[in-house]
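Coordinates in review
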Amino acid sequence: METAIFWGLSFCAVAAALAVVFLRQAVNGVMSLLALMLVMAGLYLLLGAQLVALFQLIVYAGAVLVLFVLVVMLLNLERKPARPLLYPGKPAVASLLALCGAGFAAILRWAPPPGGGPMGGAVKPAPPIEQLAIDLFTERLLIFELTSVLLLAAAVGAIVMSRKAGDLS
Amino acid sequence: MNPDCLWLLLAPPALGFLVNGLMGRRLPASITAAVALAAVGLPLAVALGFLLEMTAAPPEARVVATSLYTWLSDGDFQVRVGLLLDPLAMVMSLVVLGIGFLIHIYSVGYMEGDVGYRRFFAYMNLFVFFMLLLVLADNLVLTFCGWEGVGLCSYLLIGFWHERKSACDAGRKAFIVNRVGDFGFILGILLTITAFQTVDYGELAEIAATAPGDASPIIALMVLLIFMGAMGKSAQFPLHVWLPDAMEGPTPVSALIHGATMVNAGVYLMCRLSPLLNRCPEVLLVIAVLGLVTALYAALAALGQRDLKRILAYSTISQIGFMFVAVGSGMYALGIFHLVTHGIFKGLLFLAAGAVIHTLGGEQDLGRMGGLFREIPAVAVAFLAGLLALAGVFPLAGFFSKDAILWGGFQRFGASFWIVSLSGALLTALYCGKLFGVFFGPRRDEGPPHRPGALLIWPPAVLALGALIAGVLGLPMFAQDTLLSRFLGFASPAVASGQGHELEVIMTVFQGMVIPAFLAASAYLFVRRRRRMEELERAFPRAAAFLADGFGLDKLNALLLATPLRGAARFSARIIDNRIIDGAVNGVGWAAMRAGRLLALLQTGELRHYALSILAGAVALLGAALYAAGIF
Amino acid sequence: MTLYHFLGLGLLLFAIGAAGFVIRNNAVVLLLCIEIMLNAVNLILASFARYLYGAEGQIFIFIIMTVAAAEAAVGLGIVIALHRGHGTLAMNRIKDLKG
């Protein structure tokens, strides 16, 4: 059952990623990325990382992509871009699709037998959320605090970058 | 005598400098003058207080010392900022402060209306501060600080009228020539430190008393090096060349430099080191001979000057030479005695000369001065008193000190030395007589005289009184311990006292008659036969110019020192700097620019090129890591 | 379904994102491709956490998510500034870095 779900989600993920790369309109790309994010959340659940899945939905789907949509709207990018791809379209599409096929084939071809070696190793028990919280706020506290500084810098930076030159408001 | 009050001598001039230097722009001229006067007057009062207590105290209790703090410390070697007020420093402080105070009063009148009024008084106070620091320091290093400070102030004040190029040049010359002397001084201090690990005067005196005999050459070298510094500051041949040019400064500055402060520093320093000097008679001989050469040479050069202030300048050099003769004879108290009397009458002469120049509206040429006695009798009387004192006419101050110096030289170095120094004294009388022409005979200036105000008359008058009575310090005559020498209490090297008193009395009477006779003859020639004398001068133009240039020493310096240096500088500027150094620097820049142009080709501006190169780099690193791990 | 499968999927997604970054011309889409790559890395970290190391991988994911959010904010700010300055988002027309 889990294997089937994995394969289904994998195909959806690759398809969504390809859509991001090949759809002409930026807004369609954003929507495809949204789909990819949802699929990724499913994959995290499959890996027993419920908290990560939750954050994936809240932070990526809820916040980051909304920001993308907003910017696409703001810049009015609906009109047909003059040249979406920098390389001839068909060979690029074909080679990328071929790459994907080869990738899947390789995964299937060299899959190790379950339980053998590190690659096919047994599943560790998923850590409880308390354990994550304790880790994050004790051992990794410095990193955690540094990310807050990073976010602050990014917020200030974004404002500075996007305002008009000489506009101090 | 409270040692804690010693800083009161130093603080007011420093404060006065700060107040006038920092805030003077906002103060009215009257307050600037009041601050400057108070800055010298207050320590003068303190010094007089110390003097009263000191004369009352027994001789062995006449030293006040205090250590403010330790400046440098390296193991046993320490340099303290310490003050020492002993009788020698007391006399020096009184000269600096007393004459300095009168000069300050005089300057209030003399500098009136000058744009640099507040700057002038700020510098003057700073000058007094550094001179006091020099005098009161209890070690060589601190003395050196004051020494350099005095040099700085002399530079600032000589170049005071900095719009005039000649003034700037003169200031620079004073600074540079002093540097030559200070080079020796610094070496001397360093030698003292390496040889004895101390710079404290008291400890040096102890060392001089206890050091074994084989230390004598080191002590001699040390003292000789320090004497080089003294030669620079006290304008001794051949480092005197700055002093005549220093006349470019305002006249009160000349009075301060010549009478009260700077040139006395060298004599003071030698007296301060007298315990060391006593150990090396050869150095004493060097000092005496150099002093005598300077005295004779400068007196001759003074005779040839045509500028009122330059005559006085050469006369100062000559008189300092006499002081060094006294020091070199081991009669330190006598050197200080002549320093005091000379300070008084030279200060007087400069102040009165300033008044004369003021009367003539800035004229300094002797050829245009004459018959001024009727115009400015008060100034003339003061000036003539100064001249008589300088020449050494009984009973003025100069008579006592010069007579004693001549006798001291005779006693120590014999008759030929005496003859040379007597001829120096006679030359002094000759150029003093030349100056009589300023006041007598027909008038030579045009236009109405500017009569000097009271402020320009009273300070020289007070000094004239001093010149009349300062000889008291040298009483009783014909005795080893006069008033002053008893107060100073120097230990002199043993003198063979073979000659009796009779000879000394006979020589004194002889000198006391010959010198006034020369003075009178010279005055007669330069007043009554002035035209003849001037014709004589014109008849031998080259000889006159030779004398006026101070034997052409400046030209000699230019030829021997300046010309090769200038050539070397030109070579270094044109060849080494322009070609080699600039070539290397420009070459590096050129190469860097070329390399930059080449590398710039890599920057295409296409984002994907950068992204691809990052990706390629990451793949390469990953491959290298996997290869290193042995995966393939 | 093993660690191997998840690693393969992550690699594939990363390759797609990287390829997209190189071949697409629109600045906004470039940012989307970066997000794909970041997500691929997150997936790999999560699978390592699951199969090998325990909790630490998930903590890394949180940090990377924060960085991604910051990157998106600054990146979009840059996009706006680019659009304002050049009037276009086509990267083949923006060559300010050319030496």
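Preceding this paragraph is the structure being described.
Scope of this entry: the structure provided in the associated data block. (Residues numbered from 1 in each chain as written. Chains lettered and ligands numbered in written order. Predicted model: local features only at pLDDT ≥ 70, side-chain atom pairs only at ≥ 80, totals over all residues. Heavy atoms only, no water.)

1. Here we look at the packing of helix H15 (residues 332–359) of chain B against helix H19 (residues 454–469) of chain B
Residue and element names in this part refer to chain B. It is the contact of H15 with H19, at a shortest axis distance of 9 Å, that shows an interaxial angle of 150°. Judged by the angle between their axes, H15 and H19 are roughly antiparallel. For the pair H15 and H19, the crossing hand works out as left-handed. Counted together, Ile344, Phe345, Gly347, Leu348, Leu351, Ala352, Ala355 and His358 of H15 and Leu456, Pro459, Pro460, Leu463, Ala464, Gly466 and Ala467 of H19 form the full contact between these two elements. Considered class by class, the residues forming the contact of H15 with H19 number 12 nonpolar, 3 polar and no charged. (Axes fitted to C-alpha atoms, helices over the stretch in contact; angles between N-to-C directions. Helix = DSSP H or I, 4+ residues; strand = E, 2+ residues; numbered from the N terminus. Parallel < 35°, antiparallel > 145°, perpendicular 65-115°, else oblique. Left-handed = near helix turned anticlockwise from the far one by under 90°. Contact = heavy atoms within 4.5 Å. Nonpolar A, V, L, I, M, F, W, Y, C, P; charged D, E, K, R; others polar.)

2. Considering unusual backbone geometry
Keep in mind that most residues, glycine aside, have a negative phi and that most peptide bonds are trans. Residues and elements named next belong to chain B. One non-glycine residue, Gln197, adopts positive backbone phi at about 55°. Secondary-structure assignment places Gln197 in the loop between helix H6 (165–196) and helix H7 (201–210). For Gln197, a relative accessible area of 44% puts it in the partly exposed group. Unlike most non-glycine residues, Ala235 shows phi in positive territory, near 55°. Considering the arrangement of structural elements, one finds Ala235 in the loop between helix H8 (216–233) and helix H9 (242–245). Classification of Ala235 by relative accessible area gives buried; the value is 0%. (Buried < 20%, exposed > 50% of the residue type's maximum accessible area, 1.4 Å probe, protein only.)

3. So, the interface of chain C and chain A
Taken together, the 63 residues of chain C in the interface contact 81 residues of chain A. Taken over both partners, the interface formed by chain C and chain A buries close to 6,700 Å², and the fraction arising from carbon and sulfur atoms is 77%. When the area that chain C buries against chain A is broken down by residue, the three leading residues are Tyr4(C), Arg24(C) and Arg50(C), summing to 11%. Between the two partners, chain C and chain A, sit 1 salt bridge. Applying the counting rule to chain C against chain A returns 7 residue pairs in polar contact (both at pLDDT 80 or more). Among the secondary structure elements, those contributing two or more residues to the side of chain C that touches chain A are helix H1 (3–23), helix H2 (27–53) and helix H3 (56–86) of chain C. Of the residues assigned to the side of chain C that touches chain A, the class counts are 43 nonpolar, 15 polar and 5 charged. (Buried area = accessible area lost by both parts, 1.4 Å probe. Salt bridge = Lys/Arg side-chain N within 4 Å of Asp/Glu carboxyl O. Polar contact = N/O pair within 3.5 Å; in protein donor to acceptor, adjacent residues only side chain to side chain.)

4. Concerning the nonpolar core
Core analysis: the biggest nonpolar cluster contains 200 residues, and Leu85(B), Trp242(B), Ile336(B) and Val356(B) have the highest contact counts within it. Examining the composition of this core, we find that 18 residues originate from one element, H15(B), more than from any other. Not counting the four nearest positions on each side in its chain, Ile336(B) is found in contact with Leu88(B), Val91(B), Met92(B), Cys271(B), Leu484(B), Leu488(B) and Phe490(B). Judged by nonpolar contacts, the second largest core, of 83 residues, contains Val52(A), Ala53(A), Met37(C) and Met65(C). (Core = buried A, V, L, I, M, F, W, Y, C linked by side-chain atoms within 4.5 Å.)

5. Side note on the pattern of salt bridges
Close approach of charged atoms lets side chains of opposite charge pair. Taken as a whole, this structure holds 12 salt bridges over all chains when the rule is applied. A salt bridge links Arg140(A) to Glu139(A), with the shortest nitrogen-to-oxygen separation between them at 3.9 Å. Taken together, the salt bridges that share partners define one network made up of Glu139(A), Arg140(A) and Glu56(C).

6. Digging into the side chain of Ser154(B)
If you trace the backbone, Ser154(B) turns up in helix H5 (residues 140–158). When near neighbours in sequence (up to four residues on either side) are disregarded, Ser154(B) contacts Phe127(B), Ile257(B) and Met262(B).

7. Side note on the packing of helix H3 (residues 87–110) of chain B against helix H11 (residues 264–272) of chain B
All names here are of chain B. It is the contact of H3 with H11, at a shortest axis distance of 11 Å, that shows an interaxial angle of 170°. When the axes of H3 and H11 are compared, the pair comes out roughly antiparallel. Judged by residue contacts, Leu88, Ala89, Met92 and Val95 of H3 engage Asn264, Tyr268, Cys271 and Arg272 from H11. Classifying every residue of the contact of H3 with H11 by side-chain character gives 6 nonpolar, 1 polar and 1 charged.

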